[in-house]
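# Chains, contacts and geometry: an overview
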Amino acid sequence: MKKILAIALFAMFCIADMQAQSSSSQQFHNGVIQFLKEEGFVPTIDDDDKSINFKREGTLHWIFVEDDGPFYIEFHRAGLSISDADRKIVLESCNYANRYTRCGKAIATEKSVTFGAEYYVTSLEEFKKTFYNYIRVLNTLREKTIDYYNEHDK
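Presented here is a report on the structure given in the accompanying data block. The model shown is predicted, which means the values in this text are computed figures rather than measured ones.

## A short note on the overall build of the protein chain
- Of the regular secondary structure elements, the protein chain holds three helices and six strands.
- Secondary structure elements in the protein chain, listed N-terminal to C-terminal, are α-β-β-β-β-α-β-β-α.
- The burial tally for the protein chain puts 36% of its 154 residues in the buried class.
- Long-range pairs, those at least 24 residues apart, make up 54% of the contacts in the protein chain with a sequence separation of at least 6.

See below:
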């Protein structure tokens, strides 16, 4: 009888913990949206992947929030169309940008290059403090990728 009671109590605590984590994640997500609004952005939620989308100076940015304390953040900005570019130089450009830009990645697909950063934060306040740093990282990645491509495209 004591084993059954112990198992039941353990299950209740696990369920309560999962609900608290889900609530924590939703609060953080809502806090990111509120922060973006306070900064003058107009955030929207993508129905397909639940990312938080916003434009900054006409450029689309999007943020994925996963996990609970610490929160895993994927921060992206729209990239470059490369459908008619030299694929070899595009890949070299991404490698160059990745080598010289901390905390970010230039990612080449068949048709485009996107720019992203992945990191953990433990609180909404930490996210707010690092937000503009990651904007700069994404912009630097783009600039380095373009500069390298332009220097080596003949």
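On we go.
## Thoughts on helix 3 (residues 124-152)
- Compared with the 42 Å implied by 1.5 Å per residue over 29 residues, the 42 Å span of helix 3 between its first and last C-alpha is a close match.
- Residue Thr130 marks the point of greatest curvature in helix 3, where the axis turns by about 40°.
- Listed in full, the buried residues belonging to helix 3 are Phe127, Thr130, Phe131, Tyr134, Ile135, Val137, Leu138, Asn139, Leu141, Thr145, Tyr148 and Tyr149.

## Quick word on the nonpolar core
- Of all hydrophobic cores here, the largest spans 33 residues; its most connected members are Ile63, Ile73, Phe75, Phe127 and Phe131.
- Going through the elements one at a time, helix 1 (2-38), strand 2 (52-56), strand 3 (59-66), strand 4 (71-81), helix 2 (87-100), strand 6 (112-121) and helix 3 are the ones with two or more residues in this core.
- Broken down by element, this core gets its largest block of residues, eight residues, from helix 3.
- Excluding anything up to four places from it in sequence, Ile73 contacts Phe28, Ile63, Phe64, Val65, Ala117, Glu118, Tyr119, Val121 and Phe127.

## Thoughts on the sheet that holds strand 3
- Pairing within the open sheet is antiparallel, and its six strands lie in the order 1-2-3-4-6-5. Two strands close off the open sheet at either side, each with one partner strand: strand 1 (44-45) and strand 5 (105-108).
- Inspection of the sheet shows strand 5 paired to strand 6 by four bridges, in the antiparallel sense. Within strand 6, the position partnered with Lys105 by the bridge is Gly116.

## Details of the pattern of salt bridges
- Evaluated as defined, the whole model comprises four salt bridges.
- With its nearest N and O atoms 4.0 Å apart, the salt bridge here joins Glu110 to Arg87. In this pair, Glu110 sits in the loop between strand 5 and strand 6 while Arg87 sits in helix 2, placing the two residues 23 residues apart along the sequence.
- The class for Glu110 is exposed, based on a relative accessible area of 65%.
- Here Lys88 ties to Glu92 by a salt bridge, and the two come within 2.8 Å at their closest N and O atoms. With Lys88 and Glu92 both in helix 2 and four residues apart, this pair spans about one turn of that helix.

Rules used in this analysis
Residue numbers restart at each chain and count upward from 1, following the sequence in its written direction. Side-chain atom pairs in this predicted model are given and counted only at pLDDT of 80 or more, local residue features only at pLDDT of at least 70, and totals for whole chains, interfaces and linings cover all residues. Think of the side-chain values as coming from all heavy atoms in the structure, minus any hydrogens and water. Put simply, DSSP marks the helices as runs of H or I at least four residues long and the strands as runs of E at least two long, and each gets a number from the N terminus on. A 1.4 Å probe rolled over the protein chains alone gives each residue an accessible area, and that area as a share of the maximum for its type sets the label: buried under 20%, exposed over 50%, partly exposed in between. Any two residues whose heavy atoms approach within 4.5 Å at even a single point are treated as in contact. The span expected for a helix works out to 1.5 Å for each residue beyond the first. A residue's bend is given by the angle between axes fitted to the 7 residues ending at it and the 7 residues starting at it. In this text, buried Ala, Val, Leu, Ile, Met, Phe, Trp, Tyr and Cys residues form a nonpolar core when linked through side-chain atoms within 4.5 Å. Two strands form a pair only when DSSP identifies at least two bridges running between them. Salt bridges are counted wherever a side-chain nitrogen of Lys or Arg sits within 4 Å of a carboxyl oxygen of Asp or Glu.

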